[in-house]
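Chain by chain, the residues:
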Amino acid sequence: MDGFPILSLMLLVPLVAGVACLFADAKLARNLALAATLVDFALGILLWASFDIGGAQWQFVERAPLFAGFQWALGIDGIALMLIMLSVFLMPICILASASIEKRVGEYMAAFLLMEVLMIGVFAAQDLFLFYIFFEAGLIPMYLIIGIWGGQDRIYASYKFFLYTLLGSVLMLIAMLWMVNEAATTDIPTLMAYDFDPRAQTWLWLAFFASFAVKMPMWPVHTWLPDAHVQAPTAGSVILAGVLLKMGGYGFIRFSLPMFPEASAQFAWLVFALSMIAVVVTSLIALVQHDMKKLIAYSSVAHMAIVTVGLFAFNVQGLEGLMIVMLSHGLVSGALFLCVGVIYDRLHTREIDRYGGLSINMPYYALFFLLFTMASIGLPGTSGFVGEFLSLAGIYQVSSWVALVCTTGIILGAAYMLYLYRRVAFGDQKNADAAAMPDISAREWLMLAPIAAAVLWMGVYPESFLAPMRKDIAALDARVARAAPLGDARLKLSEPTKNAGHAQDEHAAHGEAH
Amino acid sequence: MIQAIVFAPLLAALIAGLGNRMIGNTAAKAVTTAGLFLSCALSWPIFIGFVTGSAEAGVTPVLQWVQSGTLSFDWALRVDALTAVMLVVITTVSALVHLYSWGYMEEDLDQPRFFAYLSLFTFAMLMLVTADNLVQMFFGWEGVGLASYLLIGFWFKKPSACAAAIKAFVVNRVGDLGFMLGIFGTWLVFQTTSIPEILAAAPAMKGASTIGFLGARVDTMTVLCILLFIGAMGKSAQLGLHTWLPDAMEGPTPVSALIHAATMVTAGVFMVCRLSPMFEAAPVALAFVTVIGALTCFFAATVGTCQWDIKRVIAYSTCSQLGYMFFAAGVGAYGAAMFHLFTHAFFKALLFLGAGSVIHAMHHEQDMRYYGDLRRHIPITFWVMTAGTLAITGVGVIGVFGFAGFYSKDAILEAAFGSGTELGTLAFMLGSFAALLTSFYSWRLVFLTFFGKPRWAGSEHIQHAVHDEHHHADDAHGHGHADHGDGTAGYHPHESPWSMLVPILVLSVGAVFAGFVFNDTFINRESFWNGAIFYNEHLIHAMHHVPLWVKLTPGMVMLIGLFIAWNNYIRNPALPAAFVNNFRQLHAFVYNKWYFDELYNFLFVRPAFWLGRQFWKIGDIGIIDRFGPNGAAWVVARGSGYAQKVQSGYLYSYALIMLLGLVAAISWVMVK
């Protein structure tokens, strides 16, 4: 594979197809989009197969200077590889899920294909400004998808989405300009090894945090997510939950941690506090939702909080755990939105109480829904467990308080998801129209079965996914080791004394009280 | 071979579950039942191998699972004496329950799903008991939880069944929180999740170290064991986390027998025994186990005395018997705990399946107030239920012969007394009193169900049945409605089909002989356990030398309980009502299960929903949205409103602004 620009090709294929879609009729646009995403998926498999585990950190590197120091620089490590795989895996499924779109199909497909270009671009970019362009441009197609093909309140939702995400971006751009000026390079791998002055790190970290926290989303800047999800069409929700939310986590793991380790340690208490609040508060909010999509959206916020605590645990388990949580959540919440879409297409309502007893007339649907529900609440044997378990094991080493509060998520998560499942799939059939819905079609099987297989694969043999990332995570762990906090749970063979990790713990608990 | 035992049920579950209507009822039932009988047939030789001393403990690796830094765990199947005991218990009861369900679920419309769930449960339970590391144990732990959830909610059209299913899962998750933190802590301390490695290192840690937990520094082994035990409390329905078990009776009766009596609920006991060397290094945790076990044993027995639902009586009885097992483990008699687990599996499964046979005969009526006089109508069920009752109440003569519970329960009480500690004595006293109550409620069940006069006429279920029957009879013969003054309402209970009776009869063999045959093996033979559990030889010695009155106590209290039950329900059936009238408050307290459900509802369930609404309406919408995006939008809208006014389009106003700007600029330059 040496020298062959496979990453550029993966960007080019959907781009060309997307442009073509603008000029195609509805049927052709659908086929074109499906073909292009499948080609990209095939290229993704090729990418994964030819990725040299344990080889160079950055592989498939492409460099082409463009103008004024700005360069076309692509390349991936194991972390980026996995996220690219997630994106290209979900895209054909999204196209399949868009069968009910009838308005402006060509433009719709074009928007999705452009979205794919930008998503892959974010994970593959090696140049700071290139990354910024991909990262921010991702807003535009999603804004259009929600604003044009969304539900009733789509305009409000799309503006809210735009407003929130734009706010952080401006701060991040300023920070990037400062960094380039300071380090005299836009090359991301170089920047990752550059030691910024710890005082400057504080400001840079906060600027990046503003952007990534919104994308994540972390409490309290999460309120755009429920609205965006509720209004977005099914496939839009899948991409939003599946990939766009992962950009925040990717940003933290690619920029905040390696570039500003000291600041990361300094602000860990803030992240822990917000995450602990998120786990408890958003889980409780999810419990009282009447709208299926809103419920799942709030559950996403709670799950992403497990990602952020894993990030700032400063150890291998936390980092690997959060990556698996991100991959797993991408699959599972995507699948849950698809499950909502399946019945939304039949009944055109997301109101939970309009359904009931679907196990009777849609048994296979109920089975898939059950599997994804269980994966969402982290049942061992599914992908959700592996990620959650590792992340929480990681955080336990730092603070048992944070671990305790975040682990309550497994109780609350079970409560709201099973309550949802009970109202949708169990109970007696209350409404004749819901009772008359047919079971999933062949097309819907094609959407749900691959995700189900991936969820179980990741749950039973996660090594396939951990192995490519292992070396990169070890490198990152080594990079941040100098700032790693002392855990409060450490074993002591002598008489009890107070230790340093304890103070941090109090900060976290204190922060939560605010 | 162990792979076949564990994975045959999984394979069968997948075939039956995914094939479902495609392969049809009979195929699905045959596949799952055959899979279980295969597992069972392969398990007994392993167990007998350990009993005769010819088998060796070993581990069969299956697949790598997770490796993250120093945290790694794999899929593997471990077999030793402790696992072997569980293997025969699980596969035997499960195979019999599969067979029983052919008859019991005959009329159900969804049979493949039911059998698939049963087999899936068995697989998860087998993964739990063959676990070589804590995480695989947790896998099985959650897997059985899932199967339990699905089976409790099997009749998902009933709101009560759905509620019970969710309750079971969520309450168990509270325990799992402890289990998970316990695993994290254990890994942090020992840097491994492998059970043998942890157990090898544990004794050296006794009192030698402290660990930080929630800001305090506490003894390492104490905190780890208590956290793990919280997991056990959830799964084994111990006091505080027991509320899900009685509600779980919403599931079909075969499920209650398999999951909520014989196997899953004993997982906690199994865990404590499996980790016994670890618990031995934490005396405080063991004291905690003893207290919780003894209290549960007492609490559940009191509640069991005044329930009317036949299944709930047995459910509380299960809860109480689990308490015995825990305090046995707490005082260090792990062999006795496992022995009681073993015998209990047979007689409690028997009692549940027998109750199922009664319910089947009485057209789904479960309220014992509408039973009576059934011994003449369903004699086989009556005799096996009697055998089960003799076993649970522990009938026997020292040195001659006894039913299963006679050996195991006596061993536990003697061990508690023999341990010589104050807590042990307390556990002995509570346990003995609970034994009295056990005898009372067990015989009460038998007397209410099988003796006295028929009281069937009051039951709606029976009335429906009779009505339907008459309807058919009217069509056929044309004779009118007969008046039955004998309380039978004209109903004729029928004995269950052989597919149900054979499993019960097989189990009754276990209930009668399991104690007599295996007493020596479980209690006295260290070579049988061979390191699989912590074997306290000193305690075994002490329990054989307890005073005579201690040895006689269980028998005495059993007789007293029997006498009270006989006196109240046969000799003078008006007595219970008079008693209730005299002690109204006490009765209400016990009848309402000590108000645990009401308390939890008040403390946790309603506040959770209330808080959720507040965080949503006030937090997210009222504050964050209002001052965040909506606020920003408001500011922009207001601002642009002003800007709009400025852009009036009149030349003179623009000229004025230009002039003012020019003046300002010039002054700035001049001042500078």
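This is a predicted model, so every value here is computed, not measured. (Residues numbered from 1 in each chain as written. Chains lettered and ligands numbered in written order. Predicted model: local features only at pLDDT ≥ 70, side-chain atom pairs only at ≥ 80, totals over all residues. Heavy atoms only, no water.)

## Overview of the pattern of salt bridges
Residue and element names in this part refer to chain B. Within the structure shown, the criterion is met by 26 salt bridges over all chains. A salt bridge links D367 to R369, with the nearest nitrogen and oxygen atoms 2.9 Å apart. Of the charged contacts in the structure, one is a salt bridge between K593 and D597, with a shortest N-O distance of 3.7 Å. Using a relative accessible area of 23% as the deciding quantity, one classes D597 as partly exposed. Each of K167, D247, R312, K593 and D597 takes part in salt bridges that share partners, so that together they form one network. (Salt bridge = Lys/Arg side-chain N within 4 Å of Asp/Glu carboxyl O. Buried < 20%, exposed > 50% of the residue type's maximum accessible area, 1.4 Å probe, protein only.)

## A word on the interface of chain A and chain B
When the parts of a complex come together, some accessible area is lost, and that lost area is often taken as the interface size. Facing the 77 residues of chain A at the interface are 65 residues of chain B. The junction of chain A with chain B conceals about 6,200 Å² of combined surface from both sides, 72% of it contributed by carbon and sulfur atoms. Three residues, F389, Y396 and F426 of chain A, lead the burial of chain A against chain B; their summed loss comes to 11% of the area buried on that side. Scanning the region where chain A abuts chain B turns up one salt bridge. In this structure, K160 of chain A and D625 of chain B form a salt bridge, with 2.8 Å as the shortest nitrogen-oxygen distance. Counting every contact that joins chain A to chain B gives 16 residue pairs in polar contact (both at pLDDT 80 or more). With 14 residues, the top contributor of residues to the side of chain A that touches chain B is helix α18 (residues 400-424) of chain A. Alignment of strand β3 (residues 491-492) of chain A against strand β3 (residues 210-213) of chain B, held across two bridges, turns out to be antiparallel. Among the inter-strand pairings, K492 of chain A is bridged to a residue of β3 of chain B, identified as T210 of chain B. (Contact = heavy atoms within 4.5 Å. Buried area = accessible area lost by both parts, 1.4 Å probe. Polar contact = N/O pair within 3.5 Å; in protein donor to acceptor, adjacent residues only side chain to side chain. Helix = DSSP H or I, 4+ residues; strand = E, 2+ residues; numbered from the N terminus. Pairing = 2+ DSSP bridges.)

## A few points about helix α16 (residues 404-418) of chain B
Residue and element names in this part refer to chain B. Between the first and last C-alpha of α16 there are 21 Å, a value that for 15 residues agrees with the 21 Å anticipated at 1.5 Å per step. Of all 15 residues that make up α16, 14 are buried, and the element is covered over most of its length. Positive backbone phi, at 75°, marks G420, one or two positions downstream of α16. (Expected span 1.5 Å × (residues − 1).)

## A short note on the side chain of E142 of chain B
Assignment of secondary structure puts E142 of chain B in helix α4 (residues 134-152). What makes E142 of chain B buried here is its relative accessible area of 2%. Each residue touching E142 of chain B, except ones within four places of it in the same chain, is listed here: L379 and P380 of chain A together with R173 and D176 of chain B.

## Quick look at the side chain of Q136 of chain B
All names here are of chain B. Positionally, Q136 belongs in helix α4. Within polar-contact distance, the side chain of Q136 engages the backbone nitrogen of A76 at 3.0 Å. In this structure, Q136 is in contact with W65, D74, W75, A76, L77, M127, T130 and A131, ignoring residues within four places of it in sequence.

## A closer look at the packing of helix α14 (residues 316-347) of chain A against helix α16 (residues 363-376) of chain A
Residue and element names in this part refer to chain A. Put simply, α14 and α16 touch, their axes get as near as 9 Å, and they point 150° apart. Between α14 and α16, the angle is such that the two are roughly antiparallel. Remark: the crossing between α14 and α16 carries left-handed chirality. Contact residues: V332, A335, L336, C339, V340, V342 and I343 in α14; Y365, F369, F372, T373, A375 and S376 in α16. Each residue belonging to the contact of α14 with α16 can be placed in one class, and the counts come to 11 nonpolar, two polar and no charged. (Axes fitted to C-alpha atoms, helices over the stretch in contact; angles between N-to-C directions. Parallel < 35°, antiparallel > 145°, perpendicular 65-115°, else oblique. Left-handed = near helix turned anticlockwise from the far one by under 90°. Nonpolar A, V, L, I, M, F, W, Y, C, P; charged D, E, K, R; others polar.)

## Some details on unusual backbone geometry
Residues and elements named next belong to chain A. For the bond from M216 to P217, the omega torsion is -10°, close enough to zero to count as cis. Within the element layout of this structure, P217 appears in the loop between α9 (198-215) and α10 (224-231). In this model, W219 is joined to P220 through a cis peptide bond whose omega is 5°. Secondary-structure assignment places P220 in the loop between α9 and α10. Positive phi is not limited to glycine here, since F60 has a value of about 55°.

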